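Here are the chains, one letter per residue:
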Amino acid sequence: MSERSAGAKTAKQVVLQAPISSSDPATLATDDMDCDLDPLSADELRGVCERLREESRRRTVALASAVHELRTPLAVMDGYIELLCNGKAGELTAQQSQILADMQANEKRLKGFIADFLTFSAIETKNLNMNFEVGDLNTCLSEVCSLWMPRFQKKSISLYFRPEDELEPFAFDHLKIQHVISNLIHNAWKFTPARGTVWLSAEQLHWERRLREEPTVHEKRRIDTRKLPKAARVIVSDTGPGIEAEFHQEIFQDFRKLTRPGNASDSMGLGLSIARRLVNAHGGKIWVESKPGSGSKFFVLIPIPKH
């Protein structure tokens, strides 16, 4: 082999073995996750943080696009299942009807997964549109109760709604608040045993932002409510098993869920995380008060804008 051809082969090998450009975002993000942060300066740490944040956003968008593509085949599947269930493709046996019922139940779960993840990705990528309109919170909550009532009756759980007659109309995102309350009611329905009770209530109050729980008698005396902003407080309480204190904050984090019989594979662990973000988008707060054996009480505070 001549020196010319050998040199060309060597050059070709060098090109083929050249490292991936360090400007590739995915490669940079991988390097950032593997690097030692201790010797880095403040500017370098800021750069690592920004690159990881952008990579997280990029992956979330990619996953959301993939999840969104599941909607079309799922809609086709839904149509065929409905066709079979209605007997339009022929009479079904009892066993076939049961199989189709199981398919419908799992299809509904998959739709819930898709809806939760798309909402989560919209929030994470800051593409969530908020639509604030003046409305009646009592009506908003009553609609949620009406939607859930059949499922509560089927499980023999009592659902009560106590509206606040003096609650004034104010601007909030009707659908987003319904999403939050529906998630809380769903959790109450899921964990409350048969013959249990779930309460939904609303009230108007003056919000002392430094206080998360009900103020003490001493605190009430030193608070001048005339100077405090107004807020609507929604409470969802149940007679379920309760939640240990160490999980009161953790359950609002992404992809976190309690390990217990009632919290099986029908949840991604995003429901309360999404609820927290939607409440935060209203400038409000959400938290839980609970202890094992005494049920749970979830609070949602929504500030009422000044006129």
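Above this text you will find the structure in question.
Here we summarise the structure given alongside this text.

Of all hydrophobic cores here, the largest spans 49 residues; its most connected members are Leu-137, Ile-181, Leu-184 and Val-300. Ignoring any residue separated from it by four or fewer positions in sequence, one finds Leu-137 in contact with Leu-167, Phe-170, Phe-172, Ile-177, Ala-232 and Val-234. Listed in part, the six residues of the second largest apolar core include Trp-207, Ala-231, Ile-235 and Phe-299.

What follows covers the packing of aromatic side chains. Applying the stated rule across the entire model yields seven aromatic pairs. Considering the side-chain rings of Phe-120 and Phe-255, the 5.5 Å spacing of their centres and the 70° angle between planes classify their relative orientation as edge-to-face. Note that Phe-120 is positioned in helix H5 (residues 94-124) and Phe-255 in the loop between strand E5 (230-238) and helix H9 (271-281), a separation of 135 residues in sequence. For Phe-255, a relative accessible area of 42% puts it in the partly exposed group. Pairing Phe-252 with Phe-298 gives two aromatic rings, centres 6.2 Å apart and planes at 70°, and the pair type is edge-to-face. Of this pair, Phe-252 sits in the loop between E5 and H9 while Phe-298 sits in strand E7 (residues 296-303); the two residues are 46 residues apart in sequence, bridging distant segments of the chain. By the burial criterion, Phe-252 is buried, and Phe-298 matches it. Here the aromatic cluster, defined as three or more aromatic residues joined through ring pairs, consists of Phe-117, Phe-120 and Phe-255. Over the ring of Trp-189 we find Arg-151; its NZ or CZ atom is 4.3 Å from the centre of that ring.

Strand order in this open sheet of five strands is E2-E4-E5-E7-E6, and the pairing throughout is mixed. Each edge of the open sheet carries a strand with a single partner, namely strand E2 (158-162) and strand E6 (285-290). Each strand of the sheet is rotated relative to its neighbour by a mean of 15°, with strand direction disregarded. Where E5 lies against E7, seven bridges are found, and the strand directions are antiparallel. The residue bridging Ile-235 from the neighbouring strand is Phe-299, located in E7. Sitting on the sheet, helix H6 (residues 137-154) is in contact with E2, strand E4 (197-206) and E5, with an inclination near 175° to E2.

Examined against the element boundaries, Glu-164 turns out to sit in the loop between E2 and strand E3 (170-172). Buried within the structure, Glu-164 lacks any salt-bridge partner; its nearest side chain of opposite charge belongs to Arg-233, at an N-O separation of 9.1 Å. In this structure, Glu-164 is in contact with Asn-138, Ala-202, Glu-203 and Gln-204, ignoring residues within four places of it in sequence.

One can find Ser-65 in helix H3 (residues 42-68). C-alpha separation for the pair Ser-65 and Ser-121, spaced 56 residues apart in sequence, amounts to 9.7 Å.

Right, let's get into the pairing of E6. Note that E6 and E7 share six bridges and pair antiparallel. When the sheet's bridge partners are listed, Lys-285 is paired in E7 with Leu-301.

Conventions and cut-offs
- Residues numbered from 1 in each chain as written.
- Predicted model: local features only at pLDDT ≥ 70, side-chain atom pairs only at ≥ 80, totals over all residues.
- Heavy atoms only, no water.
- Core = buried A, V, L, I, M, F, W, Y, C linked by side-chain atoms within 4.5 Å.
- Buried < 20%, exposed > 50% of the residue type's maximum accessible area, 1.4 Å probe, protein only.
- Contact = heavy atoms within 4.5 Å.
- Phe/Tyr/Trp six-rings, centres within 6.5 Å; stacked < 30°, edge-to-face > 60°.
- Helix = DSSP H or I, 4+ residues; strand = E, 2+ residues; numbered from the N terminus.
- Lys NZ or Arg CZ within 6 Å of the ring centre and 35° of its normal.
- Pairing = 2+ DSSP bridges.
- Axes fitted to C-alpha atoms, helices over the stretch in contact; angles between N-to-C directions.
- Lys, Arg positive; Asp, Glu negative; His and termini not counted.
- Salt bridge = Lys/Arg side-chain N within 4 Å of Asp/Glu carboxyl O.

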